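The lines below spell out each chain.
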Amino acid sequence: MIAVSLSRGHVELLQFLRDRTAVVFTFFFPALLLLLFGTIFGSESTDQGVAVSRVFTASMIAYGILNTAFVTMGAGLAMDREDGTLKRLRGTPMPASAYLIGKGLLVLGLSVAEAAVLIGVGVLVFDMPLPDAAHWLTFGWIFLLSVFACSTLGIAVSALVKNARNAGAILNVPVVALQFVSGVFIHPMSQLPDWLEKVASIFPVRWMAQGFRYVFLPDGAQTQEIGGAWNLGTVAMVLGVWCVIGLILCLVTFRWSSRDR
Amino acid sequence: MTAARSSLTWWKQSTIRCMEAIEVTGLRKTYGGRDAVAGIDLVVARGEIFSLLGPNGAGKTTTVEILEGHRRRTAGDVRVLGEDPGRAGSAWRARIGIVLQDADDAADLTVHEMVRHIAGFYPEARKADEVIELVGLSEKRNSKIRTLSGGQRRRVDVALGIVGRPELLFLDEPTTGFDPEARRQFWDLIRTLAADGTTIVLTTHYLDEAEALADRLAVVAEGRIVAEGTPATLGGRAAAEARVSWTENGTARTEQVPDPTDLIRRLLADGVDLTTLTITRPTLEDTYLSLIGATR
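Residues numbered from 1 in each chain as written. Chains lettered and ligands numbered in written order. Predicted model: local features only at pLDDT ≥ 70, side-chain atom pairs only at ≥ 80, totals over all residues. Heavy atoms only, no water.

Undergrad: Which parts of the structure should I look at to understand the pattern of salt bridges?
TA: Oppositely charged side chains may form a pair once their charged atoms are brought near each other. Across all of its chains, the model carries 30 salt bridges over all chains by this definition. When the shortest N-O distance is used, the salt bridge between Arg88(A) and Asp105(B) registers 2.9 Å. In this pair, Arg88(A) is assigned in helix 5 (residues 85-90) and Asp105(B) in the loop between strand 5 (96-99) and helix 4 (111-119), connecting two distinct chains. Residues Arg88(A) and Asp105(B) agree in their burial class; the two are buried. Close ionic contact of Arg154(B) with Asp157(B) constitutes a salt bridge, the shortest N to O distance being 2.6 Å. Taken together, the residues Arg154(B) and Asp157(B), both in helix 6 (residues 150-162) and three residues apart, mark about one turn of the helix. (Salt bridge = Lys/Arg side-chain N within 4 Å of Asp/Glu carboxyl O. Helix = DSSP H or I, 4+ residues; strand = E, 2+ residues; numbered from the N terminus. Buried < 20%, exposed > 50% of the residue type's maximum accessible area, 1.4 Å probe, protein only.)

This is the structure in structure tokens:
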């Protein structure tokens, strides 16, 4: 079982890396956006004297995870349904869980690499200092909860994709929309109308971005957050709830095929 | 471990002795009130090459996909290797092999990577290189699947279907896109597998393929089996009238007779020149076309 899952993960990674379009346009896209945003707004500082480029770096990690976990998982699954990958595997003794663990390994690996690239850009281009060990620990759990929630939701949403060609477009609608309302592209969130702020707070992206800002920004920057505090307890709770919702949706909606059986 | 393995072997052998590979009674599959499969009964013996023929949309693929465990049935009783494919688990899947018809997956892996990967799922898999050689792809071992021709791509599917040493192999239109030489090689491969005791279920559009390979075949039309038999006897083919043609005094003559013996004897007695004599019976294709035509 472990060997089979690892074998799936290996094959998933090989295929991802050999598809150069995916590597360039999916994987490096958040880093490109960060470079653009950071350069355009980089000379500005927040009221607390934190460079805007640094705020972008922290928040963009949330976008990076959405990209590698939610989009890659959702589009990958839709593609696997369409090109026969799932049909082929269904006809072998391989358990469904090994397939999902294999995808999970790919997503986890990509997400770690994505975060590393974004943090690397932050450190090398925008002089962002790295946090201490305690903050890294917090980073660890926020990162893992985010990756898990986003991947399971990606699996669930892929069930709505009828045609793999449209997968990217469909999956990117919630991703881009949530960036704007969750304090990733537009920060602080208090600029948003009150109702929109409330709607955004239902979804995990706001809490992911807020958590990563806690990790990479000085403590004084918390006055920019809604309620003026990092609220890590709420971050953990909301992400935890989305992990459970994602897992349930994923178990209920997982289908081997796009055709009605 | 050894004891468990030997008792497993014993159990396998005893199931081979006392059970048919496939037993189907009253199989139905309904989509939105329409019967795609409208009551099929079928028995395939162990070690047999059984071919399912029929036009597109006749219910052939639906039937096979139910047998493979890919689709649920609406009604009927189905046993494949002694188990219900709708409920069977991974131990059962390890004993069957499926050659997909239109898969497009793993394009960025090499032939060897993909065969070795799939082999890893089976308890008693063949060696990847051995299977690649069997399907004649040794030269393409390290080529990405994306770069293969259509026929070579299908041979990868065959390799993946047989790498787990299946007792029962499903082939869905396996030679589509093969050149004539590749088809002959493929037929030899299927005969080799059958000689080793593999039961083979083949759906095909090519009647010459069914005739060359199948021990027994059935024609499906509109969700039912309309005829069943050996390639020689299907649809009353053996009993059909022979068509005897010859040239007599410069004019072409043709007669249809149940048994040409008497006619030939008479022609010989009359001293007719038999250089151009032909005796034909309906080809499998003629029989097939009249069978499916009758249901329209």
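Undergrad: Looking at this model, I keep getting lost on the side chain of Asp172(B). Mind explaining?
TA: Looking at the secondary structure, you find Asp172(B) in strand 6 (residues 168-172). Lacking a salt bridge, the buried Asp172(B) has Lys87(A) as its closest oppositely charged neighbour, with an N-O distance of 6.0 Å. Of note is the side chain of Asp172(B), whose polar atom sits 2.4 Å from the side chain of Thr203(B). When neighbours within four sequence positions are excluded, Asp172(B) is seen to be in contact with Thr61(B), Val99(B), Gln101(B) and Thr203(B). (Lys, Arg positive; Asp, Glu negative; His and termini not counted. Polar contact = N/O pair within 3.5 Å; in protein donor to acceptor, adjacent residues only side chain to side chain. Contact = heavy atoms within 4.5 Å.)

Undergrad: When you look at the UniProt feature "transmembrane region" (unreviewed entry) in chain A in this model, what are you seeing that I'm missing?
TA: Residue and element names in this part refer to chain A. Within this numbering scheme, the UniProt entry marks residues 21-41, 61-79, 100-126, 138-161, 168-186 and 232-254 as carrying the feature "transmembrane region" (unreviewed entry). End C-alpha to end C-alpha, residues 100-126 measures 37 Å, and it is 100% helix and 0% strand. For residues 138-161, helix accounts for 88% and strand for 0%, while the C-alpha atoms at its two ends are 35 Å apart. (UniProt positions renumbered as here; feature names shortened; annotations may be inferred.)

Undergrad: Just checking my understanding: could you explain the packing of helix 7 (residues 133-158) of chain A against helix 10 (residues 204-216) of chain A for this structure?
TA: Two numbers describe a pair of packed helices, the interaxial angle and the distance between the axes. Residue and element names in this part refer to chain A. Here helix 7 crosses helix 10 at 160°, and the two axes come no closer than 9 Å. What the angle tells us is that helix 7 and helix 10 run roughly antiparallel. Our pair here, helix 7 against helix 10, has a crossing hand that is left-handed. Contacts from His135, Trp136, Thr138, Phe139, Ile142, Phe143, Ser146 and Cys150 in helix 7 reach Met208, Gly211, Phe212, Tyr214, Val215 and Phe216 in helix 10. (Axes fitted to C-alpha atoms, helices over the stretch in contact; angles between N-to-C directions. Parallel < 35°, antiparallel > 145°, perpendicular 65-115°, else oblique. Left-handed = near helix turned anticlockwise from the far one by under 90°.)

Undergrad: Before we go on, may I ask you to explain the nonpolar core in this structure?
TA: Where a protein is soluble and globular, its nonpolar side chains tend to be buried together. Membership of the largest hydrophobic core comes to 112 residues, with the highest contact counts inside it found for Ile61(A), Ile65(A), Phe139(A), Phe212(A) and Ile200(B). Per-element tally for this core: the top contributor is helix 4 (residues 52-83) of chain A, with 16 residues. Every residue in contact with Ile65(A), bar those within four places of it in the chain, is listed here: Phe70(A), Phe143(A), Ser146(A), Val147(A), Cys150(A), Met208(A) and Phe212(A). If you look at the next biggest cluster of nonpolar residues, it comprises 28 residues, including Val64(B), Ile66(B), Leu67(B) and Val201(B). (Core = buried A, V, L, I, M, F, W, Y, C linked by side-chain atoms within 4.5 Å.)

Undergrad: So what exactly am I meant to see when it comes to the interface of chain B and chain A here?
TA: For an interface, size is often stated in terms of accessible area lost upon the parts coming together. Facing 29 residues of chain B, the contacting portion of chain A comprises 22 residues. Summing both partners gives a buried area of about 2400 Å² for chain B against chain A, and 54% of it is carried by carbon and sulfur. Our count for the contact surface shared by chain B and chain A stands at four salt bridges. As a salt-bridge pair, Arg18(A) and Glu113(B) come within 2.8 Å of each other at their nearest N and O atoms. Counting across the chain B and chain A interface gives ten residue pairs in polar contact (both at pLDDT 80 or more). Elements represented by at least two residues in the side of chain B that touches chain A include exactly strand 1 (22-31), helix 3 (90-93), helix 4 and helix 6 of chain B. For the side of chain B that touches chain A, the leading source of residues is helix 4 of chain B, giving four residues. Tallied by class, the residues present in the side of chain B that touches chain A amount to 13 nonpolar, five polar and eleven charged. (Buried area = accessible area lost by both parts, 1.4 Å probe. Nonpolar A, V, L, I, M, F, W, Y, C, P; charged D, E, K, R; others polar.)

Undergrad: Explanation requested: the sheet that holds strand 5 of chain B in the structure shown.
TA: Pairing between sheet strands relies on hydrogen bonds along the backbone, with the strands arranged either parallel or antiparallel. Residue and element names in this part refer to chain B. With mixed pairing, six strands are arranged side by side in an open sheet as 5-6-7-3-8-9. The outermost strands of the open sheet, each flanked by one partner alone, are strand 5 and strand 9 (224-229). With direction set aside, neighbouring strand axes in the sheet form an average angle of 15°. Relative to strand 7 (residues 199-203), strand 3 (residues 49-53) is paired through four bridges, and the arrangement is parallel. Following the sheet pairing, Ile49 is matched in strand 7 by Ile200. (Pairing = 2+ DSSP bridges.)

Undergrad: In this structure, what is going on with unusual backbone geometry? I would like to understand it.
TA: Note on backbone geometry: most residues besides glycine have negative phi, and most peptide bonds are trans. Going from His187(A) to Pro188(A), the amide bond is cis rather than trans, its omega being 0°. Mapped onto the fold, Pro188(A) is located in the loop between helix 8 (167-181) and helix 9 (194-202). One non-glycine residue with positive phi stands out, namely Glu173(B), at about 45°.

Undergrad: Which parts of the structure should I look at to understand the sheet that holds strand 11 (residues 251-257) of chain B?
TA: All names here are of chain B. Read across the open sheet, the three strands follow the order 11-10-12; overall the sheet is antiparallel. At either margin of the open sheet sits one strand with a lone partner, and together these are strand 11 and strand 12 (278-280). Within the sheet, the average angular offset between the axes of one strand and its neighbour, ignoring direction, is 20°. Those strands touched by helix 9 (residues 261-269) are strand 10 (242-248), strand 11 and strand 12, and its axis lies near 10° from that of strand 10.

Undergrad: How should I be thinking about the pairing of strand 5 of chain B in this particular structure?
TA: The two faces of the sheet receive side chains in turn, since in a regular strand these alternate between them. All names here are of chain B. Across the two faces of strand 5 the burial is the same, with Ile96 and Ile98 and Gly97 and Val99 all buried. The pairing of strand 5 with strand 6 spans four bridges and is parallel. Bridged to Val99 within strand 6 is Leu171.

Undergrad: Could you clarify how one ought to interpret the environment of Asn163(A) in this entry?
TA: In this fold, Asn163(A) is placed in the loop between helix 7 and helix 8. Along the primary structure Asn163(A) and Trp136(A) are separated by 27 residues, whereas in three dimensions their C-alpha atoms are 40 Å apart.

Undergrad: Would you mind showing me how to read the packing of aromatic side chains here?
TA: Aromatic ring pairs are reported here in terms of the distance separating the ring centres and the angle at which the planes meet. What the rule picks out here adds up to 14 aromatic pairs over all chains. Where Phe27(A) meets Phe28(A), the ring centres are 5.0 Å apart and the plane angle is 85°; that geometry is what we call edge-to-face. Overall, Phe28(A) belongs to the partly exposed group, its relative accessible area being 39%. Judged by centre distance (5.8 Å) and plane angle (85°), the rings of Trp136(A) and Phe216(A) are edge-to-face. Within this pair, whereas Trp136(A) is found in helix 7, its partner Phe216(A) is found in helix 10, the two being separated by 80 residues in sequence. A network of ring pairs unites the aromatic residues Phe37(A), Phe41(A), Phe56(A), Tyr63(A), Phe180(A) and Phe185(A) as a single cluster. Sitting over the face of the ring of Trp207(A), Arg206(A) holds its NZ or CZ atom 3.8 Å from the ring centroid. A cation over a ring is seen here: Arg183(B) above Tyr206(B), with NZ or CZ 4.4 Å from the ring centre. (Phe/Tyr/Trp six-rings, centres within 6.5 Å; stacked < 30°, edge-to-face > 60°. Lys NZ or Arg CZ within 6 Å of the ring centre and 35° of its normal.)

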